[in-house]
Each structure stands twice: as C-alpha cells, then as structure tokens.
Amino acid sequence: MRAGERSYSKGEIIYRAGEPCDAVYVVVSGRVELFREDSDGAVVTGRVGPIEMFGETDVLHEGPRESGARAMQKTVVKRVPRDEFMVWVQNEPNAGIRVLGLLVERLRAADAIITHSREGGEVFGPPAEGLGWSLIQALRAWLRYRKHHSQGGGLSDGAKPFSIGIAIVNNDVEEAWTRALAGLLEERFGISVRVLSVSLQLDPGADQNQVNAVVLRARQILAREAGLDLLVWGDVHADGYSLWFTPAGQGDEERPGCFSPYLSLELPGDQEPPAGDMFYLIVLAAIEPMTEAQRGLQHELLVAAQQALPAMPDDLPVSWNIDQQRTVLTCYGLALATIAGLEPDPGWYDVAGDAYNAAINRLPQDDHGIEEALLHKYWGNVLSAVSERRQDVAALEQAVEEYRASVECLVKASYPLEWGGAYNRLGQALYKLDLATGQPNLLKEAMGAFQAALQVYTRTESPQRWADVMNNLAQVLQVYGDQVKSPEVLERAVDACRAALEFRARNRTPLGWASCQNTLGTALFLLDKHRQSTEHLDEAAAAYTGALEVYRQMGATRQAAIAEKNLAHVERLNKIRVERRVALPDWGDD
C-alpha cells in the first residue's frame, strides 16, 4: 500500500456527513457509493469507480461534509490533502473556475454510473500507485499552459491546433480509463482532444494481414471523424495501456522517426510522472503533418515537449516494467529522430540512437521478432541520416549492420512487406557504402538484397514500391556494370530504369520520376562509353535535362547539382562529336 492510500472492506464508511472536509479522494480500485442521510434513511446520490474523484464539492465550499461515502466492495482510495489540492486552484482565479467545472462534470457522470457487468468482459482497476499525485500534476500542467498563453504564447501564424481522437480502450467497461488517458492531453498546448465512441482491437502477435485490417478500420474512422490528425486506440489491462497510433497523413516509412503500424506503446496505468509529459511528446511525434504550417507547429511543440522531460533513459521510473520502459524509449527515439529531421543540428540523431540502443538492451533475450526488427530498422535509419549529414563512413557501416540484424528478425511469411522493406533498405545502404569505400562485394550483396525485395514487391500488387526497388537496382547495376566493364549489365540497368518509369509519372511523383531519369541518363551514358558508341547520348541528355528541371522546381539543390554536372558532361561529348564530325568522341578520360 502506497503512502496516502487506504483499503476499505465492503460496506465500510470512508467518511460521514458532518465530518471536516480535509481531503479529496481518488478511487484506485473498487467502487464507492455516495449517500445522504435523512429521516427516511440513506439516499444514494452517486457511485464512482477507478480513477474517479469524490469529496471535491465539500472541499470547494469549505464547509463540513454534506454527504457520506462507503465502499461497495473491497476498495482502495488515494487521499489528497485539501491544502495540497487547493494551492494550485488558488494561484489563479480562472483555474478555480476550470477545476470546478471539471469536478462538477465528473460528479454528474458518476451519478449516472450504474453497476453492471459485460458478458465475457473484464474491468481492470489501475495499479495502486500515484493517482492522486498525477491529478495534481495534471492541474499543474494546465496552469503552466495557461501562464504560457497569458504571456503572449500562441500558435505560429497559419497553424491550427492538432486534433487528437481517443478511441475507447478495450476492457474499459465504465470508460474511466479512456477518460483518464484523454485527461493526460487535456489543455496541452497546440492540441485538442476528442473521445470517440468507437474502439479497435489488435490481438497480440498479429501478423501483417491482421494489422492491415485494423489500420484500415482506423483510417475509415479518421475519414468519418472530420478534422482529426491522429487516432489513438488500444487496450487496458492489469499493467496499464497498450496503445497504437494511426495518423491521418501518409507517412514515409523510410523517414527516421516514422511510426510503424506494428509499434505499440505500453503506458503505465497509474500515470506516475513523467507518463503524461511523455505521452504528449509521443502523440505529437506520431502525427504526420500535411502542410508546411503543420510541420512548423509540430517542430515547435516537439522541442518544447522534449525539454520538459527528465533525462532519458537515466530518469525512467523504476516502477515501470521492462516492456513499458522499452516501448517508451522506442517512441521517445522516434520523437527525437523527427526533431532531427527538422533541425540543422544532427546531434538530435545521436540522442535518438542512444534511446534505441537502450530499448534494444531491454529486449527479451530469446524472443527475436517484429519489435526487435523495428528497433534495428529505426536505428539503421538514424545512422544512415547521420552518415549523410556528416559524411561519416563509420556510421554507414553501422547502419548496414543494423539493417542486417533487422532482416534476421523477420519471417517473410508473417510480415512480407516489412521483410521486403528491410531488404530494400539494406540494399540502399550497401550501395552507398560501396560508393564510399569501393568494395565490389558490397554491390553483389546489394543486388541480392534488391532481388529479395522484389519477391514481395511485385509489379501487379505493389507497383509503386516495385518501381522504387527497380530504380535502386538500376543504380547498383550501372555502378557494377561500369566496374566490370560489362555492357550487358548496363543494358539491364537501362531496362530496369525504363520499367520503373512506367509507374513514375512526373506530375504525380516528381522527385521519384527525376531520380529515375537521372539514373537512366547515367546508365545510357555508361553503356555508350563501354560500347565506344554515341547511340544513346541524346537520350541521356534528355533524361538529365528532365531531372534537372524537376530538382530545381522542387528546391532539391544537392540533386540538381549532380544532374547539372552529368548533363554538362554529356553535352560536352555531344559537342565534340558534332565539331569533329566523327561518330566517336574520345572516351579516354571519361
């Protein structure tokens, strides 16, 4: 039993009318009946259950108790002293009005609750720890944000608050757990919260088809509930919450910080700090912005929310179980990686990597599965981003090892798309590492990785992903063909580019189209070089020209510089060919 908590037997009186109002109470587990006594006996005025507060109206009007409370069954309650509760209420008059409205709303809801059971259902009381303190923390957080607004803080120009939908968590018969979860986000800066009268369920160990079916239902809910940016859904159980996140925006799974539909957050049910602040950060990170204004708002909110948290992982509460620590650290790493993608300082990636490493160290020893695969993938994505920002070959080598580890954790039959994606990422990292180190064996492994990815990303079932992998394969084939001086390999690279372009339209996927055109131009140029021909130079120049136009339009300066250099090279050779009026230019130094 924690300090401030007390257990009551069925029928035992917690307090009676006429007693001093020296505290408010929160039900930790069990149920409490509120009653008034008159000449006709006791009259029941309400019933409250887990995470519900009672005794607050007496405290607010400062008189003696006007009603009594007794346990309806074996019950544990948390006592919050009146002085501790009122110190925040009295700091600001508007806060008292807000709290009063909240308490009256809860009291009215409690009056409507009746005892019932659901066939086959199970009602979980929250763990007996810290509920009264988390209530005070929620009030403190609300005052902090009120103070922020009073000092002129507000949303950036053109930005609207993110709208978060909370689905009723499974096993929550009286919806107290769902209200408590939503309460962690109420009055948080930059977001609004809605509890939805829907629920979604995902069984433990669900495979790809099961996950996709639930995500489809979640997206249908998002389409029906206008204006939502994120749907939070899941279960409640003896240890707390298992939560999933489905954004309204379309995520890019190759982006460091992108949440996977297979990822769940295990959140402690007692809401002991820093659970609320951590949940707020994770919710912000799970949103996929759909406009530049939203992206700017997300950046602003994420940085502020992260700075409000204690140091991770050192200051994780020891009361959180290993699954809660691991999933919180994973989601925390995703939040940091999202910030890193919006900041010029790559140091955020380093901290994200530390979080992933700490999460990996908390994995079960002999249970290699989708969660471990995701962690290696997330860490590999961060290392790839670090290597690109810092031109760090060692980080790229480590990324390759993380992607290899991710592949080893996946079973193709259970998670085919994740398996294919893991091989595609491995192939890309191997290709980049070859460019940095010149090791031909890396290109062979990269080709094998892309061929594996094509086993699940087919032309008919996943045309866009198939086109992505074909373009990646073409890049490897052109470099390998140049190294081994093989026109046949280079012809395969050209064919792969042309096939990918069948599913990459300039008006729909401009950057993907431009990347494919740039690869095609290089493959054609190299094919002519090794055949001592000029047959494809004009087509190569046209491909580079199209790529350059798109890169400039999209503001992709680095890619534009590469395409411009390639185009200049081809145009120089064409000019030499015309001036000399010969079929072949001098390929000697090219």
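Residues numbered from 1 in each chain as written. Predicted model: local features only at pLDDT ≥ 70, side-chain atom pairs only at ≥ 80, totals over all residues. Heavy atoms only, no water.

Q: Provide a residue-level description of the packing of aromatic side chains, including the pertinent values.
A: Inspection of the entire model under this criterion finds 10 aromatic pairs. Ring centres of W419 and Y423 lie 4.8 Å apart, and the angle between their planes is 70°; on these two criteria the pair is classed as edge-to-face. On the criterion of helical spacing, the pair formed by W419 and Y423 is a turn pair, its members being 4 residues apart in helix α13 (residues 416-437). The structure contains a cluster of three or more aromatic residues connected by ring pairs, namely Y15, Y25 and F54. Of note, R65 hangs over the ring of Y15, and the distance from its end group to the ring centre comes to 4.1 Å. The ring centre of F35 lies 4.3 Å from the NZ or CZ of R70, which sits over that ring. (Phe/Tyr/Trp six-rings, centres within 6.5 Å; stacked < 30°, edge-to-face > 60°. Helix = DSSP H or I, 4+ residues; strand = E, 2+ residues; numbered from the N terminus. Lys NZ or Arg CZ within 6 Å of the ring centre and 35° of its normal.)

Q: Which residues make up the sheet that holds strand β3 (residues 23-29), and what values go with them?
A: The strand order across the open sheet formed by 4 strands is β1-β8-β3-β6, and the pairing between neighbours is antiparallel. Lying at the two open borders of the sheet, with one neighbouring strand each, are β1 (5-8) and β6 (53-54). Relative to strand β8 (residues 75-81), β1 runs antiparallel, the two being bridged by 4 bridges. Across the sheet, residue Y8 finds its bridge partner in β8, namely T75. (Pairing = 2+ DSSP bridges.)

Q: I'd like to hear about the environment of P310, residue by residue, with values.
A: Structurally, the position occupied by P310 is in the loop between α8 (292-307) and α9 (322-342). Overall, P310 belongs to the partly exposed group, its relative accessible area being 29%. Distance in space between the C-alpha atoms of P310 and P274 is 7.7 Å, their sequence separation being 36 residues. Residues contacting P310, with those up to four places away along its chain left out, are P274 and D315. (Buried < 20%, exposed > 50% of the residue type's maximum accessible area, 1.4 Å probe, protein only. Contact = heavy atoms within 4.5 Å.)

Q: Tell me about empty space enclosed by the protein, residues and numbers included.
A: Tallied over the entire structure, the rule returns 1 cavity of 30 Å³ or more. Approximately 30 Å³ is the volume found for the largest cavity. If you go around the largest cavity, the residues you meet are R16, A17, F35, R36, E37, S67 and G68. Tallying contributions element by element places strand β4 (residues 32-38) first for the lining of the largest cavity, with 3 residues. The residue makeup of the lining of the largest cavity, split by class, is 2 nonpolar, 2 polar and 3 charged. (1 Å grid on protein atoms, 1.4 Å probe; cavity = no way out; pocket = protein on both sides within 12 Å on 5 of 7 lines; lining within 4 Å. Points joined across faces, edges and corners; volume = space filled by probe spheres on them. Nonpolar A, V, L, I, M, F, W, Y, C, P; charged D, E, K, R; others polar.)

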